[in-house]
Amino acid sequence: MSNVYMVGKPIYEDTLGGGCHWSMRVKKGTLLTLTDVKGGANVGMLLYNPYDLLEKYNAPDTLKCQHTFKLTRGHCLYSDMGRIFASIVEDDCGWHDTVCGNLNKNMLEKKWTLKTYQEAHNGWTQNGNDAFFVEFAKYGLNRKDMAANLNLFSQVVTDDEGNMRYVENASKAGDTITLRFEMDTLVIFHTCPHPLNSADEYPVRPVHYSIAQAKPVTDDDECKNKCSENQRGFKNNALYNFLNEPFPSSSASN
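This is a predicted model, so every value here is computed, not measured. (Residues numbered from 1 in each chain as written. Predicted model: local features only at pLDDT ≥ 70, side-chain atom pairs only at ≥ 80, totals over all residues. Heavy atoms only, no water.)

(A) Representation of the nonpolar core. Ranked by size, the top nonpolar core spans 30 residues in total, and within it Leu34, Met45, Leu77 and Val187 carry the most contacts. The next biggest cluster of nonpolar side chains, apart from the first, holds 12 residues, and it includes Met6, Cys76, Ile84 and Val89. (Core = buried A, V, L, I, M, F, W, Y, C linked by side-chain atoms within 4.5 Å. Buried < 20%, exposed > 50% of the residue type's maximum accessible area, 1.4 Å probe, protein only.)

(B) The arrangement of the pattern of salt bridges in detail. A full pass over the atoms with the stated rule returns 9 salt bridges. The partner of Arg83 in a salt bridge is Glu55, and the shortest N-O contact between them spans 3.0 Å. With a gap of 28 residues between them, Arg83 in the loop between β6 (76-78) and β7 (84-91) and Glu55 in strand β5 (residues 52-56) connect regions that are remote in the sequence. Between Lys138 and Glu135 there is a salt bridge whose closest N-O contact spans 3.0 Å. Each of the salt bridges in this network shares a partner with another, and the network as a whole consists of Arg180, Glu182 and Asp221. (Salt bridge = Lys/Arg side-chain N within 4 Å of Asp/Glu carboxyl O. Helix = DSSP H or I, 4+ residues; strand = E, 2+ residues; numbered from the N terminus.)

(C) Focus on the packing of aromatic side chains. Under the defined criterion, the tally for this structure stands at 8 aromatic pairs. Centre to centre, the rings of Tyr117 and Trp124 are 5.8 Å apart; their planes meet at 80 degrees, and the pair counts as edge-to-face. Owing to a relative accessible area of 40%, Tyr117 belongs among the partly exposed residues under this scheme. An aromatic cluster is built from Tyr48, Phe132, Phe133 and Phe136, whose rings are joined through pairwise contacts. Of note, Lys111 hangs over the ring of Trp112, and the distance from its end group to the ring centre comes to 5.8 Å. (Phe/Tyr/Trp six-rings, centres within 6.5 Å; stacked < 30°, edge-to-face > 60°. Lys NZ or Arg CZ within 6 Å of the ring centre and 35° of its normal.)

(D) Layout of the pairing of strand β4 (residues 43-49). Among the 7 residues in β4, 7 count as buried, and that is most of the element. Of the two faces of β4, both are covered, the one formed by Val43, Met45, Leu47 and Asn49 as well as the one formed by Gly44, Leu46 and Tyr48. Relative to strand β8 (residues 150-152), β4 is paired through 3 bridges, and the arrangement is antiparallel. Each residue of the ladder has a partner; that of Gly44, found in β8, is Asn151. Counting the residues in the hairpin turn of β4 and β5 gives 2 residues. (Pairing = 2+ DSSP bridges.)

(E) Helix α5 (residues 228-244), seen in detail. If you check α5, its first and last C-alpha atoms are 25 Å apart, about what 17 residues at 1.5 Å a residue would give, namely 24 Å. Among the structural elements, β4, β6, β7 and β11 (176-181) are those in contact with the buried residues of α5. (Expected span 1.5 Å × (residues − 1). Contact = heavy atoms within 4.5 Å.)

(F) Quick look at helix α4 (residues 128-137). For α4, the tally of buried residues reaches 7 of 10 residues, placing the bulk of the element in the interior. Residues of α4 that are buried: Gly128, Asn129, Ala131, Phe132, Phe133, Glu135 and Phe136. Summarising the contacts, the buried residues of α4 are in contact with β2 (21-26), β4 and β12 (185-190). Taking the backbone nitrogen of Asn129 as reference, a side-chain oxygen 3.2 Å away marks Asn127 as the first, capping residue of α4. (Polar contact = N/O pair within 3.5 Å; in protein donor to acceptor, adjacent residues only side chain to side chain.)

(G) Region of interest: unusual backbone geometry. In the Ramachandran plot, His67 falls in the positive-phi region, its phi being about 55 degrees despite a non-glycine side chain. Looking at the element boundaries, His67 is found in the loop between α1 (59-64) and β6. The phi angle at Phe153 is positive, at roughly 75 degrees, despite the residue not being glycine. Relative to the helices and strands, Phe153 resides in the loop between β8 and β9 (156-158). On the accessibility criterion, Phe153 (2% relative accessible area) is buried.

Encoded structure:
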């Protein structure tokens, strides 16, 4: 993580093993940097408003309002209420998928050997769909709360007929992506394989994550000014934050 967007040093960091899952509530003004440790990683991610869990990441709005099929630096991640959960402020990959969804148990069995935790313990083969559901349970979420997820570090291209192809090992060891959160957000993520990954063996790709405080957004911010839709999204956030943050306390003088 560079110091261009960061105040001080990271306040917390850890590594999530391959085929694992985690979640956290992050505050507005938080930087989350993800690093592909070995190359070929995939981070499935979903975003929710922690104070109103009905508000979630919306892939169609994120793509259409920014006129793109891929996500990279300068793009914002939208909720289904027209607000911006996070901005991509730094990115080594240049391409992140948000259309292909999640690996499930049936898909995993067709591709690789299904190993349960009871059989293989930490060597089990987890799928992204079930990984999300485990984290959902911590917050009272269930199947109806599932949405189209991000697949960070994964690149999927299309041919002239619209057929999608997964690009093997598009992300290299050491590649990073940094998200700056523009509102308080519940982040749910896993490191299970991309659903189109065709590796011979179940890929175990750990991801390092680092949390830091972000510098204030400036008027010339790249993400804010990427397009007029993003400017409106930031205005929506400003109104939402104003209406939901307490007024400063004041004492009347006699």
